[in-house]
Amino acid sequence: MIRTTGSSDSVPRSVRRLDVRGRVVTAGFWNCHVHLTGQPWLRSRTGSAPDLQAALDDMFLRRGFTQVLDLASNPLTTRALVRRISTGELRGPEIVTAGNGVRPWRGIPFYVAADLPRYLHALMPGPATPLAARLVVAAQAVAGAGVTKLFTGSYVTPTRVKPMRLAVARAAASEAHRRGMRVFAHPSNREGTSVALRAGVDALAHVPDETDGTESLLREAAAAGVRVVPTLHMFASTVTTDEAYLAPIRGALRGFVDAGGRVLFGTDVGYMSDRDTRGELEAMHAAGMSPSDLLRSLTVEPAEFMRRPDLGTVEPGMRANLTVLATTEPPTPADLAHVAAVVRDGQVVYERDTSSAAGAGADPGP
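Residues numbered from 1 in each chain as written. Predicted model: local features only at pLDDT ≥ 70, side-chain atom pairs only at ≥ 80, totals over all residues. Heavy atoms only, no water.

Novice: When you look at the overall build of the protein chain in this model, what are you seeing that I'm missing?
Specialist: Looking only at helices and strands, one finds 12 helices and 13 strands in the protein chain. Relative to a compact globule of 366 residues, whose C-alpha radius of gyration would be 21 Å, the protein chain shows 20 Å and is just as compact. Its C-alpha atoms put the protein chain at 60 × 45 × 40 Å along the principal axes. Taken over 366 residues, the protein chain has a buried fraction of 52%. Pairs at least 24 apart in sequence give 72% of the contacts found in the protein chain among residues at least 6 apart. On the protein chain, roughly 16100 Å² of surface is accessible, and the fraction owed to carbon and sulfur atoms is 51%. For the protein chain, the separation between the mean place of its 41 positive charges and that of its 36 negative charges on side chains is 8 Å. (Helix = DSSP H or I, 4+ residues; strand = E, 2+ residues; numbered from the N terminus. Rg over C-alpha atoms; globule rule 2.2 N^0.38 Å. Buried < 20%, exposed > 50% of the residue type's maximum accessible area, 1.4 Å probe, protein only. Contact = heavy atoms within 4.5 Å. Areas by Shrake-Rupley, 256 points an atom, 1.4 Å probe, with all protein chains shown as cover. Lys, Arg positive; Asp, Glu negative; His and termini not counted. Charge placed at Lys NZ, Arg CZ, Asp CG, Glu CD.)

Printed below as a string of structure tokens:
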């Protein structure tokens with residue numbers, strides 16, 4: 001817990017001091033869209049601690065994240081990683097998972113299906129009825145899920161989106177809400193966005209990348225308090241850098257924000273191989289979000305959304321989760337990607353290497 005802020009002469013000598021040299025200190029950052037898939041997470045239970053620690057550092061801690069939302073991964077590997085962090089064997093962020101997620105009936109995304117042996121397809125939840133949807137969400141909650149993710153629009157081929165039946169989506173969202181869980185939707189297009197909003201989800205896990213017809217729906221989402229996790233850089237990194245594709249997606253986010261919509265920061269790292277957060281921050285800035293808006297999306301907004309009154313700000317009584325930026329000036333979007341140190345629950349879990357190995361006095365960069 002944060003005991004006091006500002007200068008104090010009453011801190012016991014036994015307390016470790018972290019010299020931040022006048023740098024900007026914020027509440028710990030959130031990444032509200034990650035995946036713990038592929039290597040090395042497949043070996044979360046048996047993998048060596050040094051290998052897993054290096055991955056946790058590079059994917060999360062050196063990016064400033066003290067909390068992350070895993071929006072669909074293998075629950076077995078995720079639970080193992082959470083356990084090893086909770087016991088202190090590994091240093092890492094707090095992880096809240098959506099388990100496997102919930103897909104439309106026979107609607108596994110093509111990019112997931114390509115990476116899974118066919119015999120495992122049957123293990124991916126795709127309820128056909130409202131009752132089945134409720135049972136799937138209940139089972140995921142019992143297995144440790146803290147949020148629910150619905151693929152209300154699933155890319156079953158690179159050019160075809162299959163929507164979830166509205167009755168199924170409503171039943172899943174209702175069961176999740178009954179259990180106190182927030183509900184994310186993967187919308188993809190107009191129909192997937194419409195199903196998500198009619199079902200009563202709490203957040204869209206992406207800006208819909210097929211933007212035709214979504215402008216009024218995003219205004220409706222903003223008015224209803226539905227949050228958006230943009231993942232703009234993911235589209236550029238995994239689909240195309242063609243501005244004819246990207247500009248309308250940025251425009252959709254701009255319209256949502258202009259309508260009063262509230263944004264949660266998230267990168268889709270794990271699906272996207274690029275772990276650097278600068279691309280997402282700069283894309284959000286290009287869509288009209290100020291540095292202050294970006295900082296809120298990393299701190300205040302996700303803490304409020306996830307009903308965590310102990311997080312999101314730096315003041316006495318709050319949990320001591322802190323992100324220390326390298327800058328000593330008001331941060332630019334790029335500065336928010338340049339982290340000097342991370343504190344979780346009062347313990348330093350990451351410090352940027354400024355030793356001679358990185359060059360005397362050198363700044364190794366983000």
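The rest of the description comes next.
Novice: I keep staring at the packing of helix H10 (residues 278-286) against helix H11 (residues 291-298) and nothing clicks. Help me out?
Specialist: Relative placement of two packed helices is described by the angle separating their axes and the distance separating the axes. One can describe the packing of H10 onto H11 by two numbers: an axis separation of 10 Å at closest approach and a directional angle of 130 degrees. Classified by the angle between their axes, H10 and H11 sit oblique to one another. With respect to the hand of their crossing, H10 and H11 are arranged in right-handed fashion. Listed contacts from H11 to Leu-281, Met-284 and His-285 of H10 are Pro-291, Leu-294, Ser-297 and Leu-298. (Axes fitted to C-alpha atoms, helices over the stretch in contact; angles between N-to-C directions. Parallel < 35°, antiparallel > 145°, perpendicular 65-115°, else oblique. Left-handed = near helix turned anticlockwise from the far one by under 90°.)

Novice: Help me out: how do you make sense of the sheet that holds strand S1 (residues 25-27) in this one?
Specialist: Pairing between the strands of a sheet is mediated by backbone hydrogen bonds and can be parallel or antiparallel. Spatially, S1-S11-S12-S13 is the arrangement adopted by the 4 strands of the open sheet, whose pairing is antiparallel. Unpaired on one side and paired on the other, S1 and strand S13 (347-351) mark the two borders of the sheet. Each adjacent strand pair in this sheet contributes to an overall mean axis angle of 25 degrees, direction not counted. Note: strand S11 (residues 322-325) against strand S12 (residues 339-344), 4 bridges, orientation antiparallel. (Pairing = 2+ DSSP bridges.)

Novice: Is there a simple way to think about the pairing of strand S6 (residues 153-157) in this case?
Specialist: Of all 5 residues making up S6, 4 are buried, and the element is well covered by its neighbours. Sheet topology places S6 next to strand S7 (residues 160-163); 4 bridges connect them, and they run antiparallel. Bridging across to S7, Thr-157 finds its partner in Arg-160. Counted between consecutive antiparallel strands, the loop separating S6 from S7 contains 2 residues.

Novice: Honestly, the nonpolar core in this entry has me stumped. Any pointers?
Specialist: Here is a general trend for soluble globular proteins: nonpolar side chains tend to be buried in one another's company. Within the largest apolar cluster, 72 residues are counted, with the highest numbers of intra-cluster contacts made by Phe-60 and Leu-253. Formed by 16 residues, the second largest nonpolar core is a distinct cluster that contains Trp-30, Val-96, Ala-98 and Ala-203. (Core = buried A, V, L, I, M, F, W, Y, C linked by side-chain atoms within 4.5 Å.)

Novice: Any chance you could explain the sheet that holds strand S3 (residues 65-70) here in plain terms?
Specialist: One open sheet holds the 3 strands; their spatial order is S2-S3-S4, and the pairing between them is parallel. Pairing within the sheet leaves two strands with one partner each, and these edge strands are strand S2 (29-34) and strand S4 (94-97). Across this sheet, the average inter-strand angle for adjacent strands is 15 degrees, counted without regard to direction. Direction of pairing for S3 relative to S4: parallel, over a ladder of 4 bridges. Bridging from a neighbouring strand, Asp-70 pairs with Thr-97 of S4.

Novice: Sorry if this is basic, but what is going on with the pairing of S2 here?
Specialist: Along a regular strand, successive side chains alternate from one face of the sheet to the other. Along S2, 6 of the 6 residues are buried, which leaves the element largely enclosed by surrounding structure. Strand direction decides the pairing type here: S2 and S3, joined by 4 bridges, are parallel. When the bridges of S3 are listed, Trp-30 appears paired with Gln-67. For the crossover from S2 across helix H1 (residues 49-59) to S3, the handedness is right-handed. (Right-handed = clockwise from strand over helix to strand, strands pointing away.)

Novice: Just to check I follow, could you spell out the packing of aromatic side chains for this structure?
Specialist: Two descriptors summarise a pair of aromatic rings, namely the distance from one centre to the other and the angle between the planes of the rings. In the structure shown here, the tally under the stated rule is 6 aromatic pairs. Aromatic side chains Tyr-111 and Tyr-271 sit 5.1 Å apart centroid to centroid with 50 degrees between the ring planes, which places their arrangement in the tilted category. Placement of Tyr-111 in helix H3 (residues 110-113) and of Tyr-271 in the loop between helix H9 (243-258) and H10 is noted, with a sequence separation of 160 residues between them. Their ring planes at 75 degrees and their centres at 5.6 Å tell us that Phe-184 and Phe-305 sit as a pair that is edge-to-face. With Phe-184 in strand S8 (residues 182-185) and Phe-305 in helix H12 (residues 300-305), the pair connects residues that are 121 residues apart, well separated along the chain. Like Phe-305, Phe-184 is buried. (Phe/Tyr/Trp six-rings, centres within 6.5 Å; stacked < 30°, edge-to-face > 60°.)

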